[in-house]
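Coordinates in review
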Amino acid sequence: MIHGTHNAVHDVRNENVKIYVNGELFPRNEAKISVFDSGYLVGDGVWEALRLHEGVLVFLDEHLDRLWQGAATIGMDVGMSRAELTDALWRTIQANEMHDNVHVRFMLTRGIKKTPSQDPRLTISGPNLVIIAEHKLADPASRERGVTLFTSSIRRGSPDYLDPRLNCHSKLHEVMALVQALEAGADEALMLDIHGFVATCNATNFFMVKDGEVWTSTGQYCMNGITRGKVIEACQRHGIPCFQKNFSLFDVYGADEAFVTGTFGGLTPVTKVDGRTIGNGSYGPMTQRLQGLYEALVHETVIGNR
């Protein structure tokens, strides 16, 4: 059975969801994109994923900021305003009669190519926008059970060739890291930076807890996760010592607790890293407290946007 931070409770409604493709809505099994799409051909595009919680798209502004920053980084015109993209998100959600426990992924690529090529000058259409909204409730068993990590030999790269903060379609190095972890019998991969310090996981951000302090990486070699930022904010608000710093596997193996963060799963405890049990191998008290504080921030956002 597949186990990890993206485990969701099965929902039959997803078999009939409508998918947004460039202004039109299609049944799931009819939603298609050209094989000449830039994202398919060369991974040329950016994307975001966010949650619909009690009728509110949580932290929408932060996600749109990151999308526009990513598009600017790769020199791609989004082709619409923030308001127009937001309208497309809501159109998709409303067409599917969704309100709560929904995961929305929206993907923007440079467009259709005249012929298979990296060259953006051969793009013959405007950007392609696809929005997939699904009924997805994180499986509570995953949080209680926690996840195990394996440290991949594949490093998070430096920003001078592919900035790790860029949420782009080119995720092959992260897939390769995950494959290594799966082959080693773990659930997900832990990745180091080019200096050997702990950076991130293949699809989530990593935190550890030691002597009442919360540690995470400097942020130079990891995705600038929205949930990661909210956990740091929660620590600052409530006087919990939180440090963005360099640390190594030496520190991780001796941690009292560890957890990972992501838009879908929130905070998920890490029970083992490289076969070594972290703390007592359970859902630790600091992780539980921070999960509650993160949920409070989500609730605050919901109330503020009603």
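Residues numbered from 1 in each chain as written. Predicted model: local features only at pLDDT ≥ 70, side-chain atom pairs only at ≥ 80, totals over all residues. Heavy atoms only, no water.

1. Quick word on the side chain of Thr 268
The following threshold applies: Put simply, DSSP marks the helices as runs of H or I at least four residues long and the strands as runs of E at least two long, and each gets a number from the N terminus on. In this description, contact between two residues means that some pair of their heavy atoms is separated by no more than 4.5 Å.
One can find Thr 268 in strand S14 (residues 266-273). Those residues in contact with Thr 268 that sit more than four places away from it in its chain are Thr 5, Ser 142, Gly 146, Val 147, Phe 259 and Val 260.

2. What about the layout of surface pockets?
The following threshold applies: A pocket, in this scheme, is an open set of points on a 1 Å grid over the protein atoms alone with protein on both sides within 12 Å along at least 5 of 7 lines, while a cavity is a set where a 1.4 Å probe fits but cannot get out; residues line either one if an atom lies within 4 Å of a point. Grid points are joined across faces, edges and corners, and a volume is the space filled by probe spheres set on the points. Each residue is assigned to one class: nonpolar for Ala, Val, Leu, Ile, Met, Phe, Trp, Tyr, Cys and Pro, charged for Asp, Glu, Lys and Arg, and polar for all the others, Gly among them.
The volume enclosed by the largest pocket comes to roughly 1100 Å³. In terms of lining, the largest pocket is formed by 44 residues, of which the most central are His 6, Trp 47, Arg 105, Ala 203 and Thr 204. Ranked by residue count, the leading element in the lining of the largest pocket is helix H5 (residues 172-183), at four residues. Here the residues of the lining of the largest pocket sort into 14 nonpolar, 20 polar and 10 charged. There is about 530 Å³ of room inside the second largest pocket.

3. Observations regarding unusual backbone geometry
Threshold: In this scheme, a residue with accessible area under 20% of its type's maximum is buried, one over 50% is exposed, and one in between is partly exposed, where area comes from a 1.4 Å probe on protein chains only.
Positive phi outside glycine occurs at Glu 97, with the angle close to 50 degrees. A relative accessible area of 74% places Glu 97 in the exposed class. One non-glycine residue, Asp 211, lies in positive phi territory at about 50 degrees. Relative to the assigned elements, Asp 211 resides in the loop between strand S10 (205-210) and strand S11 (213-216). Look at Asp 211 and you get exposed, because its relative accessible area is 65%.

4. Here's the deal with the packing of aromatic side chains
Threshold: Ring pairs shown here join Phe, Tyr and Trp side chains whose ring centres sit within 6.5 Å, with only the six-membered ring taken for Trp; geometry is labelled stacked below 30 degrees between planes, edge-to-face above 60, and tilted in between. Lysine and arginine charges are scored as sitting over a ring when NZ or CZ, respectively, is within 6 Å of the ring centre and within 35 degrees of the ring normal.
A complete count under the given rule lists four aromatic pairs for this structure. Relative to Tyr 294, the ring of Phe 59 lies with its centre 6.4 Å away and its plane at 50 degrees, an arrangement referred to as tilted. On the criterion of sequence distance, the pair formed by Phe 59 in the loop between strand S4 (56-57) and helix H2 (60-73) and Tyr 294 in helix H8 (residues 285-304) is long-range, its members being 235 residues apart. Measuring from ring centre to ring centre gives 5.9 Å for Trp 215 and Phe 247, while their planes differ by 55 degrees; the resulting arrangement is tilted. Of the two residues, Trp 215 sits in strand S11 while Phe 247 sits in the loop between strand S12 (242-244) and helix H7 (249-253), which places them 32 residues apart along the sequence. Side by side, Trp 215 and Phe 247 carry an identical accessibility label, which is buried. Sitting over the ring of Trp 47, Arg 105 keeps its end group 3.7 Å from the ring centre. Note that Arg 276 overlies the ring of Tyr 253, its terminal NZ or CZ placed 4.1 Å from the centroid.

5. Some thoughts on the nonpolar core
Put simply, the rule reads: Only buried Ala, Val, Leu, Ile, Met, Phe, Trp, Tyr and Cys residues count toward a nonpolar core, and they belong to the same one when joined by side-chain atoms within 4.5 Å.
Residues Leu 57, Val 104, Phe 106, Leu 129 and Ile 131 are the most contacted members of the largest nonpolar core, which totals 32 residues. Among the elements of the structure, strand S1 (18-21), strand S3 (45-53), H2, helix H3 (82-95), strand S5 (102-109) and strand S6 (128-135) are those that each provide at least two residues to this core. Once residues within four sequence positions are removed from consideration, Val 104 is found in contact with Glu 48, Ala 49, Leu 50, Leu 57, Leu 89, Ile 93, Ile 131, Ile 132 and Ala 133.

6. Focus on the pairing of S6
Spelled out, the test is: By the convention used here, strands pair only if DSSP detects at least 2 bridges between them.
With seven of its eight residues buried, S6 lies for the most part within the structure. Pairing of S1 with S6 involves two bridges; the strand directions are antiparallel. Following the sheet pairing, Val 21 is matched in S6 by Val 130. Judged from the eight bridges that link them, S5 and S6 form a sheet pairing that is antiparallel. The partner of Phe 106 across the bridge, within S6, is Ile 131.

7. Some words on the packing of H2 against H3
Applied cut-off: Here an axis means a line fitted to C-alpha atoms, over the contact stretch when the element is a helix, while the angle between two N-to-C directions is reported on a 0 to 180 degree scale. Each angle is binned into one of four classes, with values under 35 degrees roughly parallel, values over 145 roughly antiparallel, values of 65 to 115 roughly perpendicular, and all other values oblique. Each helix crossing is assigned a hand: it is left-handed if the near helix lies turned anticlockwise from the far helix by less than a right angle, otherwise right-handed if that turn is clockwise.
Relative orientation of the contacting elements H2 and H3 amounts to 120 degrees, with a least axis distance of 12 Å. Taken together, H2 and H3 sit at an angle that is classed as oblique. Of the two elements, H2 crosses H3, and the hand of that crossing is right-handed. Of H3, the residues touching H2 (which contributes Leu 60, Asp 61, Leu 64, Asp 65, Leu 67 and Trp 68) are Arg 82, Leu 85, Thr 86 and Leu 89. Looking at the contact of H2 with H3, its residues break down into six nonpolar, one polar and three charged.

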